[in-house]
Structures are given as C-alpha cells and as structure tokens.
Amino acid sequence: MVKRTRFDEESCPVARSVDAVGDWWSLLIVRDAFDGSRRFGEFQKSLGIAKNILSARLKGLVEQGILDSDYALTPKGEALFPVIVALRQWGEAFSFEPGEPRSELLDRRDGKPLRPLEVHAADGRLVTAADTEVRKP
C-alpha cells in the first residue's frame, strides 16, 4: 500500500489546506454538509461512496475540527464556504457546456445566483495573480 504524502508541516498555507481537505471525497462531504447532510447514510446516498472510505473521510474531518462528532460543520468547517463557492463558480464557468443543466447556489433572500467571487487587496482594489507575490520564510 502506498503511503500518503503529508503536508501538515509545510510552510505553505495551500499545502496545509490540501492536507486537511484536499481529496475530492472530503470536499464533497463538506459540500453536502453545507447542503444539510448530517447522517452517515445521507452522505453515502448523496455521494455513492463506499462505507469504509466515507467512514475514514468523516473521521478525518472530525479530527481536523471541520465537522463535529454529529457531522455538523464547526466554525472551522463553515470557514470553507468561500472555498466551496469558488470551486462551484470555477466549475460553472469551465466544466459545463452552454445550456447544460446543473445545480445552482442561490441567495435565500432574493433567489438570485451569487456574484462571482473576487479577490481584493487590503485597500479594496481588485487583484489578480499577476498583482501578487508569495514571500517564503
């Protein structure tokens, strides 16, 4: 069996985040938790995932403090909302053919889709990857 590469001691925040929730099952479990799933069977039915894999992923998300023991999102888990929205919006833009049906994330108040996420500098201006740099320790 191949041993999983760990990134929990990396100096890069992206690497540490991937270590916590980087596999697709974990992110889809978090997505379903945002959609209201709380029971093992609900996650399994939604995802069509093997019980042993689901059990391991749920255990890991609980150990990471992303879900509590009842599989509800913790504040740390709820902080993943922008990540899920960003993945959803990227998928909407690049993973569907025009007119192809897909689920939608809507604002409960007005029933309209969310505006695309943007990244802003501390002074409020819009920034792109070209406007940033990574300073390593």
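Residues numbered from 1 in each chain as written. Predicted model: local features only at pLDDT ≥ 70, side-chain atom pairs only at ≥ 80, totals over all residues. Heavy atoms only, no water.

## Structural notes on the overall build of the chain
Looking only at helices and strands, the chain features 6 helices and 0 strands. Secondary structure elements of the chain, listed N to C terminal, follow the sequence α-α-α-α-α-α. Across the chain, the 21 positively charged side chains and the 22 negatively charged ones have centroids separated by 3 Å. (Helix = DSSP H or I, 4+ residues; strand = E, 2+ residues; numbered from the N terminus. Lys, Arg positive; Asp, Glu negative; His and termini not counted. Charge placed at Lys NZ, Arg CZ, Asp CG, Glu CD.)

## Concerning unusual backbone geometry
If you check the backbone angles, Tyr 71 has positive phi at about 65° while not being a glycine. Taking the relative accessible area as the measure of exposure, Tyr 71 reaches 22% and is therefore partly exposed. (Buried < 20%, exposed > 50% of the residue type's maximum accessible area, 1.4 Å probe, protein only.)

## A word on a nonpolar patch on the surface
Taken together, the side chains of Phe 7, Val 14 and Val 18 make up a nonpolar region of the molecular surface, amounting to roughly 240 Å² of accessible area. With respect to the helices and strands, the residue Val 14 is situated in helix α1 (residues 13-21). Its relative accessible area of 58% is what places Val 14 among the exposed residues. (Patch = residues over 30% accessible without salt bridge, like charges linked within 9 Å, V, L, I, M, F, W, Y side chains within 5 Å. Areas by Shrake-Rupley, 256 points an atom, 1.4 Å probe, with all protein chains shown as cover. Salt bridge = Lys/Arg side-chain N within 4 Å of Asp/Glu carboxyl O.)

## Regarding the pattern of salt bridges
Think of it this way: side chains of opposite charge can pair up when their charged atoms draw near. Tallying each qualifying case throughout the model produces 6 salt bridges. Linking Arg 31 and Asp 32 is a salt bridge whose minimum nitrogen-to-oxygen distance equals 2.8 Å. Under the relative-accessibility criterion, Arg 31 is labelled partly exposed at 28%. For Arg 125, the salt bridge identified is with Asp 123, shortest N-O distance 3.0 Å. We classify Asp 123 as exposed; its relative accessible area is 57%.

## Considering the packing of helix α2 (residues 24-34) against helix α3 (residues 40-47)
Put simply, α2 and α3 touch, their axes get as near as 10 Å, and they point 115° apart. Crossing of α2 against α3: the hand is right-handed. Judged by residue contacts, Trp 25, Leu 28, Ile 29, Arg 31, Asp 32 and Ala 33 of α2 engage Phe 43, Ser 46 and Leu 47 from α3. When the residues that make up the contact of α2 with α3 are grouped by side-chain class, the tally is 6 nonpolar, 1 polar and 2 charged. (Axes fitted to C-alpha atoms, helices over the stretch in contact; angles between N-to-C directions. Left-handed = near helix turned anticlockwise from the far one by under 90°. Contact = heavy atoms within 4.5 Å. Nonpolar A, V, L, I, M, F, W, Y, C, P; charged D, E, K, R; others polar.)

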